[in-house]
Amino acid sequence: MEEKKDYRAELFYEPKNGYDFLKGCGVPTGYDGCVCPPTERELMDKYCSEYIRFLDNSRTERECVVNAIELAKAEGFTEFVPGMELKPGSRVYYNNRGKALMLAVLGSEPMSRGINIAAAHTDSPRLDLKQLPLYEDSELAFFKTHYYGGIKKYQWTAIPLELHGSIALKSGETLDIVIGRDKSDPIFTVSDLLPHLAGEQMAKKMSEGIKAESMNILIGSAPYDDDGSDRVKLAVLAYLNSQYGIREEDFISAELCAVPAFDVRYLGLDRSLIGGYGHDDRVCTFAELRAILDIKGAPRRTAVCIFADKEETGSDGVSGMKSGAFEWFIHQLCKADGSELDDCFANSLCVSADVTAAFDPNYPDVSEKRNSARLNYGVALCKFTGSRGKSGTNDAPAELVAKIRRILDNNSVQWQMCEMGKVDQGGGGTVAMFMGNRNIDTIDAGVPVLSMHAPYEVVAAYDCYMTYKCMYAVYTD
Ligand code: MN
Ligand code: MN
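Residues numbered from 1 in each chain as written. Chains lettered and ligands numbered in written order. Predicted model: local features only at pLDDT ≥ 70, side-chain atom pairs only at ≥ 80, totals over all residues. Heavy atoms only, no water.

## Description of the coordination of the manganese ion (ligand 2)
Distances from the manganese ion (ligand 2) to its protein donors, namely D280 (OD), E312 (OE), E312 (OE) and H453 (NE2), fall within the range 2.1 to 2.6 Å. Counting along the primary sequence, the residues that act as donors to the manganese ion (ligand 2) give the motif D-x31-E-x140-H. In this model, the manganese ion (ligand 2) sits 3.3 Å from the manganese ion (ligand 1), the two metals being bridged by D280. In this pair, D280 sits in helix α7 (residues 279-293) while E312 sits in the loop between β14 (303-308) and α8 (325-337), placing the two residues 32 residues apart along the sequence. Comparing D280 with E312, the two get one shared label, buried. (Donors = N, O, S within 2.8 Å, 3.2 Å for Na, K, Ca; no water. Helix = DSSP H or I, 4+ residues; strand = E, 2+ residues; numbered from the N terminus. Buried < 20%, exposed > 50% of the residue type's maximum accessible area, 1.4 Å probe, protein only.)

Spelled out as C-alpha coordinates, the structure:
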(Lines give C-alpha, C1' and ligand atoms only; values in the text may rest on other atoms or scores of the structure.)
(Ligands and ions follow the chains in the order given, each with its own letter.)
Protein backbone atom coordinates (compact mmCIF):
# COMPACT_ATOMS: atom_id res chain seq x y z
CA MET A 1 0.00 0.00 0.00
CA GLU A 2 1.17 3.48 -0.81
CA GLU A 3 2.31 5.48 2.21
CA LYS A 4 0.25 8.54 3.03
CA LYS A 5 2.07 11.80 2.27
CA ASP A 6 2.82 14.10 5.22
CA TYR A 7 1.12 17.15 3.78
CA ARG A 8 1.44 19.08 7.04
CA ALA A 9 5.21 18.92 7.06
CA GLU A 10 5.24 19.77 3.37
CA LEU A 11 2.73 22.61 3.24
CA PHE A 12 2.49 24.32 6.62
CA TYR A 13 4.84 27.13 7.56
CA GLU A 14 5.85 26.22 11.08
CA PRO A 15 8.78 28.17 12.55
CA LYS A 16 10.76 26.48 15.30
CA ASN A 17 12.47 27.74 18.40
CA GLY A 18 16.08 28.54 17.57
CA TYR A 19 17.45 26.20 20.20
CA ASP A 20 16.07 23.29 18.16
CA PHE A 21 18.51 24.31 15.44
CA LEU A 22 21.42 24.68 17.81
CA LYS A 23 21.00 20.93 18.33
CA GLY A 24 21.69 21.68 21.96
CA CYS A 25 20.21 20.02 24.99
CA GLY A 26 19.17 23.30 26.59
CA VAL A 27 21.93 23.04 29.17
CA PRO A 28 23.79 26.34 29.41
CA THR A 29 27.25 26.47 27.88
CA GLY A 30 30.01 25.91 30.35
CA TYR A 31 27.94 23.51 32.43
CA ASP A 32 29.94 20.30 32.86
CA GLY A 33 27.15 17.94 31.94
CA CYS A 34 26.62 19.53 28.53
CA VAL A 35 27.57 17.21 25.68
CA CYS A 36 25.84 19.00 22.80
CA PRO A 37 27.82 19.83 19.64
CA PRO A 38 29.52 23.09 20.57
CA THR A 39 30.32 24.92 17.36
CA GLU A 40 27.33 27.18 16.64
CA ARG A 41 26.54 27.62 20.31
CA GLU A 42 30.13 28.55 21.12
CA LEU A 43 30.17 31.06 18.28
CA MET A 44 26.95 32.53 19.66
CA ASP A 45 28.40 32.83 23.16
CA LYS A 46 31.60 34.38 21.89
CA TYR A 47 29.66 36.86 19.80
CA CYS A 48 27.30 37.78 22.64
CA SER A 49 30.11 38.23 25.15
CA GLU A 50 31.75 40.68 22.79
CA TYR A 51 28.44 42.49 22.29
CA ILE A 52 27.92 42.75 26.06
CA ARG A 53 31.34 44.38 26.42
CA PHE A 54 30.61 46.80 23.57
CA LEU A 55 27.18 47.81 24.90
CA ASP A 56 28.43 48.23 28.46
CA ASN A 57 30.96 50.80 27.26
CA SER A 58 28.90 52.47 24.50
CA ARG A 59 26.16 54.49 26.21
CA THR A 60 25.96 57.40 23.77
CA GLU A 61 26.24 57.70 20.00
CA ARG A 62 29.65 59.31 20.44
CA GLU A 63 30.92 56.41 22.52
CA CYS A 64 29.57 53.96 19.92
CA VAL A 65 31.57 55.76 17.22
CA VAL A 66 34.80 55.82 19.28
CA ASN A 67 34.54 52.15 20.26
CA ALA A 68 33.62 51.04 16.74
CA ILE A 69 36.59 52.87 15.23
CA GLU A 70 38.90 51.20 17.71
CA LEU A 71 37.59 47.76 16.72
CA ALA A 72 37.71 48.68 13.02
CA LYS A 73 41.33 49.86 13.17
CA ALA A 74 42.29 46.55 14.77
CA GLU A 75 40.72 44.83 11.75
CA GLY A 76 42.62 46.83 9.16
CA PHE A 77 40.26 49.75 8.51
CA THR A 78 41.74 53.21 7.89
CA GLU A 79 40.12 56.64 7.89
CA PHE A 80 38.74 57.63 4.51
CA VAL A 81 40.50 60.60 2.93
CA PRO A 82 39.05 62.06 -0.30
CA GLY A 83 41.19 61.08 -3.26
CA MET A 84 42.89 58.19 -1.50
CA GLU A 85 43.59 55.09 -3.54
CA LEU A 86 40.76 52.57 -3.28
CA LYS A 87 40.70 49.05 -4.72
CA PRO A 88 38.70 45.88 -4.16
CA GLY A 89 39.26 44.79 -0.57
CA SER A 90 40.07 48.31 0.70
CA ARG A 91 38.68 48.88 4.21
CA VAL A 92 37.78 52.46 5.13
CA TYR A 93 35.63 54.38 7.60
CA TYR A 94 34.20 57.89 7.65
CA ASN A 95 33.60 59.52 11.03
CA ASN A 96 30.77 62.04 10.66
CA ARG A 97 31.38 64.67 13.37
CA GLY A 98 32.01 62.07 16.04
CA LYS A 99 28.30 61.20 16.14
CA ALA A 100 27.72 58.97 13.13
CA LEU A 101 29.94 56.53 11.29
CA MET A 102 30.13 54.73 7.96
CA LEU A 103 32.43 51.83 7.16
CA ALA A 104 33.01 50.22 3.80
CA VAL A 105 34.79 47.20 2.36
CA LEU A 106 35.26 47.73 -1.37
CA GLY A 107 33.89 45.01 -3.60
CA SER A 108 35.21 43.55 -6.83
CA GLU A 109 32.22 44.86 -8.85
CA PRO A 110 32.00 48.57 -9.68
CA MET A 111 29.88 50.76 -7.37
CA SER A 112 27.43 51.41 -10.23
CA ARG A 113 26.31 47.75 -10.07
CA GLY A 114 25.05 48.43 -6.54
CA ILE A 115 26.26 47.96 -2.98
CA ASN A 116 25.02 46.06 0.07
CA ILE A 117 24.20 48.35 2.97
CA ALA A 118 23.27 47.75 6.60
CA ALA A 119 21.96 50.82 8.43
CA ALA A 120 21.31 50.93 12.17
CA HIS A 121 21.17 53.73 14.72
CA THR A 122 23.26 54.33 17.81
CA ASP A 123 21.18 56.91 19.66
CA SER A 124 18.93 55.63 22.45
CA PRO A 125 16.30 57.28 24.66
CA ARG A 126 17.88 59.15 27.58
CA LEU A 127 17.69 62.30 29.71
CA ASP A 128 19.63 65.13 28.07
CA LEU A 129 20.81 68.00 30.25
CA LYS A 130 19.36 71.38 29.30
CA GLN A 131 21.81 73.98 28.01
CA LEU A 132 21.54 75.82 31.35
CA PRO A 133 21.10 72.81 33.60
CA LEU A 134 22.59 73.67 36.99
CA TYR A 135 20.59 75.15 39.88
CA GLU A 136 20.15 74.93 43.60
CA ASP A 137 16.88 74.50 45.49
CA SER A 138 16.49 73.93 49.21
CA GLU A 139 20.23 73.45 49.54
CA LEU A 140 20.31 70.62 47.01
CA ALA A 141 21.95 70.92 43.57
CA PHE A 142 20.22 69.62 40.43
CA PHE A 143 20.58 69.37 36.66
CA LYS A 144 17.48 70.25 34.63
CA THR A 145 16.79 67.70 31.87
CA HIS A 146 14.98 67.50 28.55
CA TYR A 147 14.21 63.90 27.68
CA TYR A 148 15.41 62.53 24.32
CA GLY A 149 13.35 60.02 22.34
CA GLY A 150 10.17 58.26 23.40
CA ILE A 151 10.23 57.38 27.09
CA LYS A 152 7.74 56.36 29.76
CA LYS A 153 8.82 58.98 32.25
CA TYR A 154 7.93 57.03 35.39
CA GLN A 155 10.54 54.41 34.43
CA TRP A 156 13.35 56.94 34.75
CA THR A 157 12.85 58.04 38.36
CA ALA A 158 14.45 56.36 41.37
CA ILE A 159 17.02 54.43 39.32
CA PRO A 160 20.80 54.91 39.28
CA LEU A 161 22.01 57.17 36.48
CA GLU A 162 25.40 57.96 34.95
CA LEU A 163 26.49 61.16 33.22
CA HIS A 164 27.97 60.89 29.73
CA GLY A 165 28.73 63.35 26.99
CA SER A 166 30.97 66.05 25.67
CA ILE A 167 31.66 69.69 26.45
CA ALA A 168 32.89 71.76 23.51
CA LEU A 169 34.99 74.71 24.64
CA LYS A 170 35.45 78.03 22.88
CA SER A 171 39.12 77.11 22.48
CA GLY A 172 38.09 74.38 20.01
CA GLU A 173 38.87 71.62 22.46
CA THR A 174 36.17 69.06 23.31
CA LEU A 175 36.10 67.32 26.70
CA ASP A 176 34.58 63.85 26.93
CA ILE A 177 32.87 63.14 30.23
CA VAL A 178 31.91 59.82 31.80
CA ILE A 179 30.92 59.84 35.47
CA GLY A 180 29.38 56.75 36.99
CA ARG A 181 30.57 53.93 34.72
CA ASP A 182 33.54 53.13 36.93
CA LYS A 183 32.44 51.45 40.15
CA SER A 184 34.44 53.95 42.20
CA ASP A 185 32.59 56.91 40.58
CA PRO A 186 29.52 58.50 42.15
CA ILE A 187 26.15 58.02 40.42
CA PHE A 188 23.02 60.17 40.18
CA THR A 189 19.24 59.84 40.31
CA VAL A 190 15.88 61.53 39.76
CA SER A 191 13.79 61.34 42.93
CA ASP A 192 10.18 60.15 43.09
CA LEU A 193 7.44 60.54 45.70
CA LEU A 194 7.08 58.06 48.53
CA PRO A 195 3.84 56.03 48.27
CA HIS A 196 2.71 57.47 51.59
CA LEU A 197 2.32 60.90 50.03
CA ALA A 198 1.60 59.86 46.45
CA GLY A 199 -2.16 59.42 46.63
CA GLU A 200 -2.79 62.25 44.20
CA GLN A 201 0.06 61.23 41.87
CA MET A 202 -1.05 57.58 41.75
CA ALA A 203 -4.60 58.55 40.77
CA LYS A 204 -3.31 60.31 37.64
CA LYS A 205 -2.87 58.75 34.20
CA MET A 206 0.53 57.05 33.95
CA SER A 207 1.58 59.52 31.26
CA GLU A 208 0.94 62.39 33.68
CA GLY A 209 2.24 60.93 36.93
CA ILE A 210 5.73 62.28 36.31
CA LYS A 211 6.13 65.74 34.80
CA ALA A 212 9.07 66.30 32.46
CA GLU A 213 10.02 69.45 34.38
CA SER A 214 10.28 67.52 37.64
CA MET A 215 12.83 65.12 36.13
CA ASN A 216 15.73 66.94 37.72
CA ILE A 217 18.89 65.01 38.47
CA LEU A 218 20.19 65.22 42.02
CA ILE A 219 23.88 65.97 41.84
CA GLY A 220 24.98 67.29 45.23
CA SER A 221 24.11 68.48 48.71
CA ALA A 222 27.29 69.64 50.45
CA PRO A 223 27.61 73.46 50.59
CA TYR A 224 30.72 75.42 49.67
CA ASP A 225 32.52 76.67 52.75
CA ASP A 226 31.59 80.39 52.77
CA ASP A 227 28.71 82.68 53.78
CA GLY A 228 27.38 83.48 50.28
CA SER A 229 24.32 82.37 48.32
CA ASP A 230 23.86 79.13 46.34
CA ARG A 231 26.57 77.40 48.30
CA VAL A 232 25.75 73.88 47.04
CA LYS A 233 25.68 74.99 43.41
CA LEU A 234 29.00 76.75 43.96
CA ALA A 235 30.50 73.59 45.46
CA VAL A 236 29.41 71.61 42.38
CA LEU A 237 30.90 74.19 40.03
CA ALA A 238 34.10 74.35 42.06
CA TYR A 239 34.42 70.57 41.74
CA LEU A 240 33.74 70.62 37.97
CA ASN A 241 36.21 73.46 37.55
CA SER A 242 38.91 71.58 39.43
CA GLN A 243 38.30 68.38 37.43
CA TYR A 244 37.59 69.74 33.93
CA GLY A 245 38.47 73.43 34.03
CA ILE A 246 34.93 74.40 33.03
CA ARG A 247 32.67 77.27 34.13
CA GLU A 248 28.86 77.38 34.19
CA GLU A 249 28.75 79.05 30.76
CA ASP A 250 30.45 76.03 29.17
CA PHE A 251 27.30 73.90 29.60
CA ILE A 252 25.85 75.99 26.78
CA SER A 253 27.98 74.18 24.19
CA ALA A 254 27.76 70.76 25.80
CA GLU A 255 25.92 67.55 24.97
CA LEU A 256 25.56 65.85 28.31
CA CYS A 257 23.02 63.23 29.21
CA ALA A 258 22.03 60.91 32.00
CA VAL A 259 21.72 57.23 31.10
CA PRO A 260 20.86 54.20 33.25
CA ALA A 261 23.76 52.95 35.37
CA PHE A 262 22.79 49.28 35.06
CA ASP A 263 25.41 46.82 33.86
CA VAL A 264 24.76 44.74 30.77
CA ARG A 265 24.32 41.17 32.00
CA TYR A 266 23.16 37.74 30.94
CA LEU A 267 19.61 37.32 32.18
CA GLY A 268 17.72 34.15 33.14
CA LEU A 269 18.99 30.99 34.82
CA ASP A 270 19.94 29.60 31.43
CA ARG A 271 21.73 32.85 30.46
CA SER A 272 19.75 32.82 27.23
CA LEU A 273 18.80 36.52 27.47
CA ILE A 274 20.75 39.76 27.76
CA GLY A 275 19.55 42.69 29.88
CA GLY A 276 20.94 46.16 29.34
CA TYR A 277 20.37 49.79 28.46
CA GLY A 278 20.36 50.76 24.79
CA HIS A 279 19.80 47.49 22.93
CA ASP A 280 17.65 49.74 20.70
CA ASP A 281 19.54 49.96 18.46
CA ARG A 282 23.08 49.13 19.46
CA VAL A 283 22.23 45.44 19.26
CA CYS A 284 21.81 45.85 15.49
CA THR A 285 24.65 48.34 15.23
CA PHE A 286 27.04 45.85 16.75
CA ALA A 287 25.73 43.04 14.52
CA GLU A 288 26.39 45.00 11.32
CA LEU A 289 29.74 46.23 12.68
CA ARG A 290 31.03 42.80 13.68
CA ALA A 291 29.82 41.42 10.35
CA ILE A 292 31.65 44.01 8.23
CA LEU A 293 34.81 43.58 10.30
CA ASP A 294 34.62 39.84 9.65
CA ILE A 295 34.62 40.19 5.84
CA LYS A 296 37.83 38.73 4.43
CA GLY A 297 39.25 40.13 1.19
CA ALA A 298 36.97 41.73 -1.37
CA PRO A 299 33.26 40.84 -1.39
CA ARG A 300 31.44 40.78 -4.75
CA ARG A 301 29.64 44.04 -4.00
CA THR A 302 30.92 46.84 -1.80
CA ALA A 303 29.63 46.43 1.77
CA VAL A 304 28.67 49.54 3.74
CA CYS A 305 27.86 49.68 7.45
CA ILE A 306 26.08 52.75 8.82
CA PHE A 307 25.86 53.99 12.40
CA ALA A 308 23.13 56.63 12.18
CA ASP A 309 22.35 59.15 14.90
CA LYS A 310 19.06 60.96 15.68
CA GLU A 311 16.73 58.08 14.75
CA GLU A 312 14.85 58.46 18.02
CA THR A 313 14.01 62.07 17.14
CA GLY A 314 13.15 61.54 13.47
CA SER A 315 16.52 61.11 11.69
CA ASP A 316 16.93 64.83 10.98
CA GLY A 317 20.15 66.82 11.28
CA VAL A 318 23.71 66.37 9.99
CA SER A 319 24.26 63.09 11.82
CA GLY A 320 20.81 61.58 11.08
CA MET A 321 19.96 59.18 8.25
CA LYS A 322 18.37 61.97 6.20
CA SER A 323 21.71 63.80 6.15
CA GLY A 324 23.58 64.32 2.88
CA ALA A 325 26.65 62.94 4.67
CA PHE A 326 25.54 59.54 3.36
CA GLU A 327 25.41 60.75 -0.28
CA TRP A 328 28.75 62.46 0.22
CA PHE A 329 30.52 59.33 1.41
CA ILE A 330 29.01 56.99 -1.19
CA HIS A 331 29.69 59.56 -3.90
CA GLN A 332 33.35 59.60 -2.86
CA LEU A 333 33.52 55.82 -3.21
CA CYS A 334 31.78 56.05 -6.61
CA LYS A 335 34.29 58.62 -7.85
CA ALA A 336 37.11 56.18 -7.14
CA ASP A 337 35.87 53.76 -9.83
CA GLY A 338 34.08 56.22 -12.10
CA SER A 339 30.56 55.21 -11.10
CA GLU A 340 27.53 57.49 -10.90
CA LEU A 341 25.87 57.82 -7.51
CA ASP A 342 22.31 57.43 -8.85
CA ASP A 343 23.25 54.21 -10.69
CA CYS A 344 24.76 52.93 -7.47
CA PHE A 345 21.62 53.68 -5.44
CA ALA A 346 19.28 52.21 -8.06
CA ASN A 347 21.05 48.85 -7.89
CA SER A 348 21.75 48.71 -4.16
CA LEU A 349 20.26 46.71 -1.33
CA CYS A 350 19.79 48.02 2.21
CA VAL A 351 18.90 46.22 5.38
CA SER A 352 17.51 48.78 7.76
CA ALA A 353 18.62 47.11 10.95
CA ASP A 354 16.49 48.12 13.88
CA VAL A 355 14.89 46.35 16.79
CA THR A 356 11.23 45.38 16.90
CA ALA A 357 8.84 44.47 19.69
CA ALA A 358 9.05 40.88 20.92
CA PHE A 359 5.76 39.21 21.85
CA ASP A 360 5.33 39.68 25.60
CA PRO A 361 3.01 37.13 27.28
CA ASN A 362 2.50 39.63 30.12
CA TYR A 363 0.89 42.04 27.64
CA PRO A 364 -0.65 39.80 24.98
CA ASP A 365 -3.48 42.21 24.15
CA VAL A 366 -1.37 44.65 22.12
CA SER A 367 -0.03 42.01 19.73
CA GLU A 368 -1.47 39.73 17.12
CA LYS A 369 0.30 36.50 17.94
CA ARG A 370 0.48 35.07 14.42
CA ASN A 371 2.39 38.09 13.15
CA SER A 372 4.52 38.97 16.15
CA ALA A 373 8.24 38.50 16.62
CA ARG A 374 9.12 35.84 19.17
CA LEU A 375 12.24 35.65 21.29
CA ASN A 376 14.61 32.92 20.10
CA TYR A 377 13.05 32.68 16.63
CA GLY A 378 15.88 34.53 14.91
CA VAL A 379 16.31 37.86 13.17
CA ALA A 380 12.94 39.56 12.69
CA LEU A 381 12.08 40.88 9.24
CA CYS A 382 9.38 43.53 8.90
CA LYS A 383 7.98 44.01 5.44
CA PHE A 384 6.59 47.32 6.64
CA THR A 385 6.50 49.41 9.82
CA GLY A 386 4.52 52.62 10.35
CA SER A 387 1.09 53.01 11.90
CA ARG A 388 -2.64 52.93 11.08
CA GLY A 389 -3.08 52.15 7.35
CA LYS A 390 0.68 51.51 6.94
CA SER A 391 1.35 55.22 7.18
CA GLY A 392 4.99 56.29 7.35
CA THR A 393 6.57 53.10 6.09
CA ASN A 394 9.08 51.85 3.58
CA ASP A 395 7.16 48.61 2.80
CA ALA A 396 9.70 46.37 1.10
CA PRO A 397 8.57 45.03 -2.32
CA ALA A 398 7.57 41.35 -2.27
CA GLU A 399 10.41 40.54 -4.69
CA LEU A 400 12.90 41.97 -2.22
CA VAL A 401 11.39 39.94 0.63
CA ALA A 402 11.77 36.84 -1.53
CA LYS A 403 15.39 37.72 -2.25
CA ILE A 404 16.12 38.13 1.48
CA ARG A 405 14.44 34.76 2.21
CA ARG A 406 16.77 33.21 -0.32
CA ILE A 407 19.92 34.91 1.02
CA LEU A 408 19.15 34.01 4.63
CA ASP A 409 18.09 30.43 3.92
CA ASN A 410 21.20 29.83 1.81
CA ASN A 411 23.32 30.97 4.74
CA SER A 412 21.54 29.06 7.53
CA VAL A 413 20.25 32.24 9.15
CA GLN A 414 17.06 31.76 11.12
CA TRP A 415 14.58 34.54 10.47
CA GLN A 416 10.95 35.34 11.22
CA MET A 417 8.48 37.75 9.64
CA CYS A 418 6.72 40.12 12.00
CA GLU A 419 4.64 43.22 12.44
CA MET A 420 4.92 45.45 15.52
CA GLY A 421 1.67 45.20 17.47
CA LYS A 422 -1.95 44.84 16.44
CA VAL A 423 -3.28 46.95 13.61
CA ASP A 424 -4.27 50.38 14.99
CA GLN A 425 -2.56 49.63 18.31
CA GLY A 426 0.22 52.14 17.73
CA GLY A 427 3.32 51.70 15.64
CA GLY A 428 6.70 53.10 14.90
CA GLY A 429 9.22 53.73 12.17
CA THR A 430 12.92 53.72 11.58
CA VAL A 431 15.47 54.76 8.96
CA ALA A 432 14.18 52.36 6.28
CA MET A 433 11.99 54.88 4.46
CA PHE A 434 14.83 57.38 4.17
CA MET A 435 16.83 54.73 2.32
CA GLY A 436 13.85 53.63 0.21
CA ASN A 437 13.20 57.26 -0.71
CA ARG A 438 16.73 57.37 -2.12
CA ASN A 439 15.79 54.68 -4.67
CA ILE A 440 17.52 51.95 -2.66
CA ASP A 441 15.74 48.59 -2.22
CA THR A 442 15.29 48.44 1.55
CA ILE A 443 13.92 45.98 4.09
CA ASP A 444 13.62 46.17 7.88
CA ALA A 445 15.34 43.48 9.91
CA GLY A 446 16.47 43.36 13.51
CA VAL A 447 16.39 41.90 16.98
CA PRO A 448 13.12 41.48 18.93
CA VAL A 449 13.19 43.32 22.28
CA LEU A 450 11.20 43.18 25.51
CA SER A 451 10.63 46.47 27.38
CA MET A 452 11.84 48.53 24.40
CA HIS A 453 12.85 52.11 25.33
CA ALA A 454 12.88 51.24 29.05
CA PRO A 455 16.06 51.89 31.07
CA TYR A 456 16.61 48.13 31.01
CA GLU A 457 15.73 46.26 27.82
CA VAL A 458 15.90 42.52 27.17
CA VAL A 459 16.93 40.60 24.05
CA ALA A 460 17.61 36.93 23.35
CA ALA A 461 21.23 35.92 22.75
CA TYR A 462 20.18 33.63 19.90
CA ASP A 463 18.45 36.46 18.03
CA CYS A 464 21.49 38.72 18.48
CA TYR A 465 23.68 36.07 16.90
CA MET A 466 21.26 35.40 14.04
CA THR A 467 21.12 39.13 13.32
CA TYR A 468 24.91 39.17 13.05
CA LYS A 469 24.73 36.20 10.64
CA CYS A 470 22.03 37.99 8.66
CA MET A 471 24.21 41.08 8.23
CA TYR A 472 27.18 39.00 7.15
CA ALA A 473 25.07 37.11 4.62
CA VAL A 474 23.73 40.35 3.15
CA TYR A 475 27.15 42.02 2.92
CA THR A 476 28.67 39.03 1.16
CA ASP A 477 25.79 38.19 -1.19
MN1 MN B 1 15.36 51.75 16.97
MN1 MN C 1 13.73 53.33 19.36
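## A short note on the packing of aromatic side chains
Evaluated as defined, the whole model comprises 17 aromatic pairs. Ring geometry for Y94 and W328: centres 4.9 Å apart, planes at 45 degrees, overall tilted. Taken as a pair, Y94 in strand β2 (residues 91-96) and W328 in helix α8 lie far apart in primary sequence, 234 residues in all. Note on W328: relative accessible area 33%, which makes it partly exposed. Judged by centre distance (5.5 Å) and plane angle (20 degrees), the ring pair of Y135 and F142 falls under stacked. The class for Y135 is partly exposed, based on a relative accessible area of 23%. The ring of F21 is capped by K16, whose NZ or CZ atom sits 5.6 Å from the centre of that ring. Over the ring of F384 we find K390, and its NZ or CZ is 3.9 Å from the ring centre. (Phe/Tyr/Trp six-rings, centres within 6.5 Å; stacked < 30°, edge-to-face > 60°. Lys NZ or Arg CZ within 6 Å of the ring centre and 35° of its normal.)

## Quick notes on the coordination of the manganese ion (ligand 1)
Protein-derived coordination of the manganese ion (ligand 1) comes from H121 (NE2), D280 (OD), D354 (OD) and D354 (OD), at a distance range of 2.1 to 2.5 Å. Under the relative-accessibility criterion, D354 is labelled buried at 9%.

## Considering the nonpolar core
Core analysis: the biggest nonpolar cluster contains 65 residues, and L103, I274, I292, I404, L408, M471 and Y475 have the highest contact counts within it. In terms of residue count, helix α12 (residues 461-475) provides more of this core than any other element does, eleven residues in total. Core analysis: the second largest hydrophobic core is formed by 33 residues, F143, I217, V236 and L240 among them. (Core = buried A, V, L, I, M, F, W, Y, C linked by side-chain atoms within 4.5 Å.)

## Structural notes on the sheet that holds strand β19 (residues 415-417)
As summarised here, the arrangement of the nine strands in space is β1-β2-β3-β14-β4-β15-β21-β17-β19, forming an open sheet in which the pairing is mixed. At either margin of the open sheet sits one strand with a lone partner, and together these are β1 (78-79) and β19. As judged from the three bridges shared by strand β17 (residues 379-382) and strand β21 (residues 441-446), these two strands associate in the antiparallel manner. Opposite A380, over in β21, you have G446 as the bridge partner. The sheet contacts of helix α3 (residues 61-74) involve β2, β3 (100-105) and β14, and relative to β3 the element is tilted by about 20 degrees. (Pairing = 2+ DSSP bridges. Contact = heavy atoms within 4.5 Å. Axes fitted to C-alpha atoms, helices over the stretch in contact; angles between N-to-C directions.)

## Observations regarding helix α6 (residues 231-244)
Here α6 is 14 residues long and its end C-alpha atoms lie 20 Å apart, about the 20 Å a rise of 1.5 Å per residue gives. Turning to α6, its buried residues number three or more, namely V232, K233, A235, V236, L237 and L240. In the core, the buried residues of α6 are packed alongside β5 (126-137), β6 (140-148) and β10 (217-220). Positive phi shows up at G245, right after α6, with a value of about 70 degrees. (Expected span 1.5 Å × (residues − 1).)

## Topic: the domain arrangement of the protein
Here the domain parsing of the protein yields domain 1 (40-124 + 277-475) and domain 2 (126-260). For domain 1 and domain 2, the distance between their C-alpha centres works out to 33 Å. If you look at the interface, domain 1 gives 17 residues, while domain 2 gives 16 residues. Around 1500 Å² of area is buried between domain 1 and domain 2 when both sides are counted, 49% of it from carbon and sulfur atoms. When the area that domain 1 buries against domain 2 is broken down by residue, the three leading residues are R59, R62 and P455, summing to 35%. Summed over the shared surface of domain 1 and domain 2, the result is five salt bridges. Along the contact surface separating domain 1 from domain 2 lie nine residue pairs in polar contact (both at pLDDT 80 or more). Looking at the side of domain 1 that touches domain 2 element by element, the count peaks at three residues for α3. (Domains from an automatic or database assignment. Buried area = accessible area lost by both parts, 1.4 Å probe. Salt bridge = Lys/Arg side-chain N within 4 Å of Asp/Glu carboxyl O. Polar contact = N/O pair within 3.5 Å; in protein donor to acceptor, adjacent residues only side chain to side chain.)

## Some words on the environment of V178
Structurally, V178 can be placed in strand β8 (residues 174-179). Between the C-alpha atoms of V178 and L163, which are 15 residues apart in sequence, the distance is 5.8 Å.

## Considering the sheet that holds β6
Sheets are built from strands that pair by backbone hydrogen bonding, the pairs being arranged parallel or antiparallel. If you trace the seven strands from one edge of the open sheet to the other, you get β8-β7-β11-β5-β6-β10-β9, paired in antiparallel fashion. Looking at which strands have only one partner, the edges of the open sheet turn out to be β8 and β9 (189-190). Pairing analysis gives two bridges linking β9 to β10, with the strands arranged antiparallel. For V190, the partnering residue across the bridge sits in β10 and is I217. Against the sheet, α6 contacts β5, β6, β8 and β10, and its axis sits at roughly 125 degrees relative to β5.

## Re a nonpolar patch on the surface
Where nonpolar side chains cluster on the molecular surface, the patch consists of Y7, L11 and F12 and spans about 370 Å² of accessible area. Turning to its location among the elements, L11 is positioned in helix α1 (residues 7-11). Relative accessible area serves as the criterion here: at 59%, L11 is assigned to the exposed category. (Patch = residues over 30% accessible without salt bridge, like charges linked within 9 Å, V, L, I, M, F, W, Y side chains within 5 Å. Areas by Shrake-Rupley, 256 points an atom, 1.4 Å probe, with all protein chains shown as cover.)

## Things to note about the packing of α3 against α7
For the pair α3 and α7, the least separation of the axes is 11 Å and the interaxial angle reads 15 degrees. With respect to α7, the axis of α3 lies roughly parallel. For the pair α3 and α7, the crossing hand works out as right-handed. When α3 is examined against α7, the residues E61, C64, A68, L71 and A72 are found in contact with a partner set consisting of R282, F286, L289 and L293. Tallied by class, residues from the contact of α3 with α7 come to seven nonpolar, no polar and two charged. (Parallel < 35°, antiparallel > 145°, perpendicular 65-115°, else oblique. Left-handed = near helix turned anticlockwise from the far one by under 90°. Nonpolar A, V, L, I, M, F, W, Y, C, P; charged D, E, K, R; others polar.)

## Details of the pattern of salt bridges
Per the counting criterion, the structure on display carries 27 salt bridges. The salt bridge partner of E50 is R290, with a shortest N-O separation of 2.8 Å. Here the residue E50 occupies a position in helix α2 (residues 39-56), and R290 occupies one in helix α7, the gap between them amounting to 240 residues. For R290, a relative accessible area of 10% puts it in the buried group. Measuring nitrogen to oxygen at the nearest pair gives 3.0 Å for the salt bridge that ties E75 to R290. Placement of the pair is E75 in the loop between α3 and β1 and R290 in helix α7, with a sequence separation of 215 residues. By relative accessible area, E75 is classed as partly exposed at 29%.

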